[in-house]
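Now for the letters of each chain:
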Amino acid sequence: RVKNETKGAAVFFDSSMESEALARMATEQSLRLAILDKRFCCAFQPKVDIRSLEIKGIEALVRLRNDDGVIQAPGTFINLAVELGLIDELTHLVLAEIMKSIDLIDETFGAAATISINVAAKQAGNPEFMRAFARAIEETGCPTRFMVEVTEDAFVAKTHFQDDILPMFRALGVGISIDDFGVGYSSLSALADITADEIKIDRSFITDIHKRPRSQGILRAIESLSEALGMAVIAEGVETFEELAYLQAATKIRYAQGYYFSEPIFLEELQPQTRTSSDVRGASSARPAADA
Ligand code: C2E
Ligand code: MG
Ligand code: MG
Ligand code: MG
């Protein structure tokens, strides 16, 4: 009987799965709408030289602005955007958004600051997208200011990334960054085959680094290998003075990023005339509510 079969099926689709599916549909819907309406914005987080405390560059971190004004962190929608095939369009929007704000970026961070854009591993493995993206960066007229951040997975995947795509970006003068290094699938020895300008050590190694001898050992290994290979090293996720002090005193790591220096910030909220809150710190913080 039909009724029984329906009932049987319902056993495997309980109410928590139902609400999960509904939540996913809602996110998918709002993501599609947000792209149509270009309801995205970028927060920028500086990369700091830990000796001179000068800003070396900035990283653009995308956020979604809901209808109700709530800001959504990329952790809640990037994977979905990749799954739905919307990520390429999103990345082009990020570049457009950067170029729209380029004067303000220069005013805020200096015209010499490099500008980093994140690219998902799947995008990096798609030559068509990467060619179009390289062209778009070339058309900005300032390709040498840009860096592309890709996780190490992109380098180990069997794609033409390393052989065909990277040389194209290098020819334009676009820098290549290995993001979240140490938590992906590649080994330390795989670094030897990677042609990149910069390696970003994942936050998980930096947290409490001053108290963790094993992480300190890993840091030393990454450091000497990158030195031998001519890659700059950035420590991600520096949150405390103790972590920074360790990096300064015990390593030759030159750059860092993290809440200790600055959270990702919205440029327009640095403009005094657009400040709506008396709490300037809160108003200019683009740290997302949800963790990524
Ligand atoms: P990511 O590229 O590794 O960026 C660093 C993330 O760590 C950011 O989270 C940043 O806000 C956060 N962070 C920075 N400093 C600290 C710190 O001191 N402590 C802690 N706990 N967190 C810190 P966010 O903005 O939520 O971005 C998450 C990820 O989403 C990024 O990781 C990146 O992989 C991805 N993403 C962001 N924007 C884009 C984009 O335009 N395209 C693509 N494909 N991915 C993006
Ligand atoms: Mg990144
Ligand atoms: Mg990272
Ligand atoms: Mg990350």
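Given the structure is predicted, the values throughout are model-derived calculations rather than measurements. Each chain carries its own residue numbering, running from 1 in the written order of its sequence. Each chain is given a letter, starting from A, and each ligand a number, starting from 1, according to the order in which they appear as written. Since the coordinates come from a predicted model, pLDDT governs what is reported: local features require at least 70, and pairs of side-chain atoms require 80 or more to be given and counted, while whole-chain, interface and lining totals use all residues. With hydrogens and water set aside, each side-chain value is computed from the structure's full complement of heavy atoms.

With that settled, the discussion passes to the site of ligand 1. Nearness is judged by heavy atoms alone; a residue qualifies as near a molecule or strand once a single heavy atom is within 4 Å of it. Around ligand 1 sit 25 residues, and of these Arg63, Asn118, Asp179, Glu239 and Tyr259 come closest. Backbone polar atom of Ala120 to a nitrogen atom of ligand 1: 3.4 Å apart, as the coordinates give it. Tyr259 is positioned such that a nitrogen or oxygen atom in its backbone is 2.8 Å from an oxygen atom of ligand 1. The fraction of the free accessible surface of ligand 1 (810 Å²) that becomes covered by protein chains is 87%. Among the secondary structure elements, those contributing two or more residues to the shell around ligand 1 are strand S2 (55–65), helix H4 (87–100) and strand S6 (175–181). When residue character is reported, Ala, Val, Leu, Ile, Met, Phe, Trp, Tyr, Cys and Pro are called nonpolar, Asp, Glu, Lys and Arg charged, and the others, Gly included, polar. Tallied by class, the residues present in the shell around ligand 1 amount to twelve nonpolar, five polar and eight charged. Polar contact is the term for a pair of N or O atoms within 3.5 Å; when the atoms are in protein, one must be able to donate a hydrogen and the other to accept it, and sequence-neighboring residues count only if both atoms are side-chain atoms. Surface accessibility follows the Shrake-Rupley procedure with a 1.4 Å probe radius. Residue values consider only the protein chains on display as shielding. Secondary structure is summarised from DSSP: a helix means a run of H or I of at least four residues, a strand means a run of E of at least two, and numbering begins at the N terminus for each.

What follows concerns the pairing of strand S5 (residues 146–151). Burial status follows relative accessibility: with a 1.4 Å probe on protein chains alone, a residue under 20% of its type maximum counts as buried, one over 50% as exposed, and anything between as partly exposed. Taken across its six residues, S5 has five buried, putting it largely inside the fold. The pairing criterion for strands is at least two bridges between them, as found by DSSP. In this structure, strand S4 (residues 114–118) lies alongside S5, joined through four bridges in parallel fashion. Following the sheet pairing, Ile117 is matched in S5 by Val148.

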